[in-house]
Every structure is written in C-alpha cells, then in structure tokens.
Amino acid sequence: MLPDDFLAPYAAHASGGVGRRFAETPHASRSEFQRDRDRIIHSSAFRRLEYKTQVFLNHEGDLFRTRLTHSLEVAQIGRSLARNLRLNEDLVEAISLAHDLGHTPFGHVGQDVLNECMQEHGGFEHNLQSLRVVDELEEHYGAYDGLNLMFETREGILKHCSLNNARLLGPVAQRFIDRTQPSLEAQLTNLADEIAYNSHDIDDGLRSGLITIAQLEQVDFFARLWRDVQQHFPGLSGRRAIYETLRRLITALADDLIVTSSRLLADAAPKSIDEVRAAPPLIRFSDPMRKDATELKRFLRENLYRHYKVNRMRVKASRIVRELYGAFMTDPVLLPPDYQDKSGDVSKQARKIADYIAGMTDRYAIREHRRLFSLEEL
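Let us look at the structure shown here.

Criteria and thresholds
Residues numbered from 1 in each chain as written. Predicted model: local features only at pLDDT ≥ 70, side-chain atom pairs only at ≥ 80, totals over all residues. Heavy atoms only, no water. Helix = DSSP H or I, 4+ residues; strand = E, 2+ residues; numbered from the N terminus. Rg over C-alpha atoms; globule rule 2.2 N^0.38 Å. Buried < 20%, exposed > 50% of the residue type's maximum accessible area, 1.4 Å probe, protein only. Contact = heavy atoms within 4.5 Å. Areas by Shrake-Rupley, 256 points an atom, 1.4 Å probe, with all protein chains shown as cover. Core = buried A, V, L, I, M, F, W, Y, C linked by side-chain atoms within 4.5 Å. Salt bridge = Lys/Arg side-chain N within 4 Å of Asp/Glu carboxyl O. Axes fitted to C-alpha atoms, helices over the stretch in contact; angles between N-to-C directions. Parallel < 35°, antiparallel > 145°, perpendicular 65-115°, else oblique. Nonpolar A, V, L, I, M, F, W, Y, C, P; charged D, E, K, R; others polar. Expected span 1.5 Å × (residues − 1). Polar contact = N/O pair within 3.5 Å; in protein donor to acceptor, adjacent residues only side chain to side chain. Phe/Tyr/Trp six-rings, centres within 6.5 Å; stacked < 30°, edge-to-face > 60°.

### Looking at the overall build of the chain
Counting secondary structure elements, the chain contains 18 helices and 0 strands. Whereas a compact globule of 378 residues would reach a radius of gyration of roughly 21 Å, the chain reaches 22 Å, a difference of no more than 12%. C-alpha extents for the chain along the principal axes are approximately 60 × 55 × 35 Å. For the chain, buried positions account for 53% of its 378 residues. Counting only contacts in the chain whose residues sit at least 6 apart along the sequence, the fraction spanning at least 24 positions is 69%. As presented, the chain carries roughly 17,900 Å² of accessible surface, and 51% of it is formed by carbon and sulfur atoms.

So this is what it looks like as structure tokens:
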C-alpha cells in the first residue's frame, strides 16, 4: 500500500474520502479503496465477465479478449499511469475492475437492444447498470444490499449519465447536473480503458483474420509504429511483429497522456480534489495524439466492428436478447422467482427482467434462449 504522503495533494486520498453509503469501521491493514477492489474481485458479477463478449463471442476462440481480460488490462495500464502521476493506484484499479460489471452479454449490441426494449421503462445503459450492480444487486452482506463501495469508486464507475437519471441517483451523479469533473483517478481510468481496447481490438482483429496489416498500414499512427518495428527488427513477421507494434502503441499513448496531463496539472496547480472537480478535465492526450487515436478508432469501427462476420453475430445476438425480453415480459412466470415482481408494476417487472438479462453470460443467454424457443428442449 502506497502511503498517502506519496500521493499528490490533488489525488484521491483514501483517508479523506467522502465515505460509504453505510458507515463501516476502517480495516486495520487495507485502505478503503483496497477494500473496494477486493469486494469487486470477489463479486459474482466480476466472475461472469469471463464469459461476456468484448468483440468476439467467448466460444469463438480461447485467445480473444473477454470483458474480464479487458478489465484486467485496463487495471494494469491504469495503475502504471496513476503511479507516474502520483494518483491513487488502488482507486484506479477498483474503478477499472468494476467499470464493465453491468455490461450485457454480446457486447454493445446487447446493451443497445436492451435499451430499445426498455424505452418505456427508463431505458438501459451499462454504466448505470454497473452502479446498480455494486449498489443493489450483489448479495454478499447481511447489513445492506450491494457492495457498499466508497463514493469515489462509485463516481468513477458512473462514466456517463443523463440529466434525468442524475436527478434520480443523488450525490454520486450530482456532477452531471453541476457540470463538474470526477476525480483525476476516474478521468485517468476512462482513458486507460481507451488505450486498452484500441490495442487489444487490433490484436484480436488480426488474430481473427477480419483485418490485416496491409489495411492497418493505411492508418498513419499504426504505420509509423509498424515501420519502427521493421527498422529495429528487419524481417520480423507474424505474432512477434504484431506484439512489438502493439507494445509501442500502448507506450506511445501512455507516455503522451503522462506528459500532457503533467503539464496541465502543473499549469492548473490544484491543491485538492475539490479544486480538481471545479477545473476542466486535467487528464488527457495531446491534440496530435487525440487525432491519431481517433483515426485508429475510426478504422476499427469501419473495418472490424462493422465487418460482415461481426454483423452476423450482432444480428443473432440482437434476436436472442429481444426475444428473451419479449418472452419474459409476456410471461413473467418463465423467470426465476427472484426476478418475478409481485407488485403489479410493469416498469418494476421490466427492470427485473433487464437485471436478469444483463447478468447473463453469452453462453447462458444462448442456452436460455434455446430452452425457451427450441422444440428440441422439450
């Protein structure tokens, strides 16, 4: 555990945190953010991430990223960045490991379809669902629902939020109303997430054969890094060349973020986390690097995420989520007892159905759909 005196004055200090929703006695050997990290790792929702889609369905290959491995990569990158900027590594790790806990099966398509289904009942958004998981849905403690995490961890999980939802959520979402910033640790985790998925989606895309090096060489940022590898290791090819290039990509993004953010912090000179909240965003890439990262994201969107083979999976996944939701809304008796709402409130029942579907892994959703709709399962 890094002592508080190592941290910059504008970092989130565990000893000076806003606190938990339900007061608890401090632990003798762990900081409050370390306790949050441990609670997240031991949660049921965290274990389910192993079988939730990042880009490719879990069963399509053993080496493709899942939501779990993605979260671990975000945490690793985030901790390294935080240490360099003298921010709280433990808080960054906790946010990183929790940020996708509310994600549906089948990646973003699952979220989009569930949101469409839930339009008359408040919609669905995975950041809100992640907060709902740690605040309400996890069942580990006798004294309260959820994991009772620190305010700063919950604030970092809630990356996006509409004004309507913010008004319902209370203090943890007040910044969306006041238009202020979260902690630097939350800002940093957001960009660590971007560094992680930009690099590993290239890796998975190349491994799958859906994109090629020749295509990536049309992206100036990647082409510069690829040429550097070829200059240092003439004739190097295959996985080694790809890994060397992606290693440079992560390093370039991370180094730029550290240099740019250090300069912004020196200029703003915040003396506390309260001054951070009142300032503009202070963790960011330089303008040239932001341009490079945006070009790379655009390439991935057009050539990988919209590839016809990925679209086929998207259509199948959409059908599974939509048909599961429809069946459960029509006949709630098909749901496990814990997800059947007895109040007669249609919106409450819809939210329980959303909780049930969002908590499914890819393979569980496929099996549940088969149980409900396949005549072979009679």
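Picking up after the structure, the text goes on.
### Considering the nonpolar core
Counting 73 residues, the largest nonpolar core has Leu81, Leu87, Leu114, Ile202 and Ile357 as the members making the most contacts within it. Counting residues per element, this core draws most heavily on helix α13 (residues 238-268), which supplies 9 residues. Discounting chain neighbours no more than four positions away, the residues touching leucine 87 are Leu7, Tyr10, Ala11, Ala82, Leu184, Glu185, Leu188 and Ile283. Counting residues in each nonpolar core, the second largest holds 24 residues, with Leu68, Leu131, Cys161 and Ala173 among its members.

### Here's the deal with unusual backbone geometry
Most peptide bonds are trans, and most residues other than glycine sit at a negative phi. Backbone geometry places arginine 86, a non-glycine residue, at a positive phi of 60°. Tracing the sequence through the fold places arginine 86 in the loop between α3 (67-84) and α4 (89-98). Of note, phenylalanine 106 is a non-glycine position whose phi angle comes to about 70°, a positive value. Checked against the element boundaries, phenylalanine 106 lands in the loop between α4 and α5 (107-117).

### Section: the pattern of salt bridges
A full pass over the atoms with the stated rule returns 33 salt bridges. A salt bridge links arginine 239 to aspartate 203; the shortest N-O distance between them is 2.3 Å. A residue pair is termed long-range when its members are at least 10 positions apart, and arginine 239 in helix α13 and aspartate 203 in helix α10 (residues 184-208) qualify at 36 residues. What you see here is one network of salt bridges that share partners, running through Arg30, Arg37, Asp38, Arg79, Arg83, Glu89, Asp90 and Glu93.

### Focus: the packing of helix α6 (residues 126-137) against helix α17 (residues 346-358)
At a minimum axis distance of 12 Å, the contact between α6 and α17 shows a crossing angle of 100°. As judged from the angle between their axes, α6 and α17 are roughly perpendicular. Taken together, the residues of α17 that come into contact with α6 (itself represented by Gln129, Arg132 and Leu137) are Arg351, Asp355 and Ala358. Grouping the amino acids of the contact of α6 with α17 by side-chain chemistry returns 2 nonpolar, 1 polar and 3 charged.

### Side note on α17
Taking 1.5 Å per residue as the helical rise, α17 with its 13 residues ought to reach 18 Å, and the 18 Å between its terminal C-alpha atoms agrees with that figure. Turning to α17, its buried residues number three or more, namely Gln349, Ala350, Arg351, Ile353, Ala354, Asp355, Tyr356, Ile357 and Ala358. The N-capping residue of α17, defined by a side-chain oxygen 2.9 Å from the backbone nitrogen of serine 347, is aspartate 345.

### With respect to the packing of aromatic side chains
Under the definition given, this model contains 6 aromatic pairs. Seen in terms of ring centroids, phenylalanine 222 and tryptophan 226 are 6.1 Å apart; in terms of plane orientation they differ by 15°. Their pairing is stacked. In this pair, phenylalanine 222 and tryptophan 226 both sit in helix α12 (residues 220-232), 4 residues apart, roughly one turn of the helix. The class for tryptophan 226 is buried, based on a relative accessible area of 13%.

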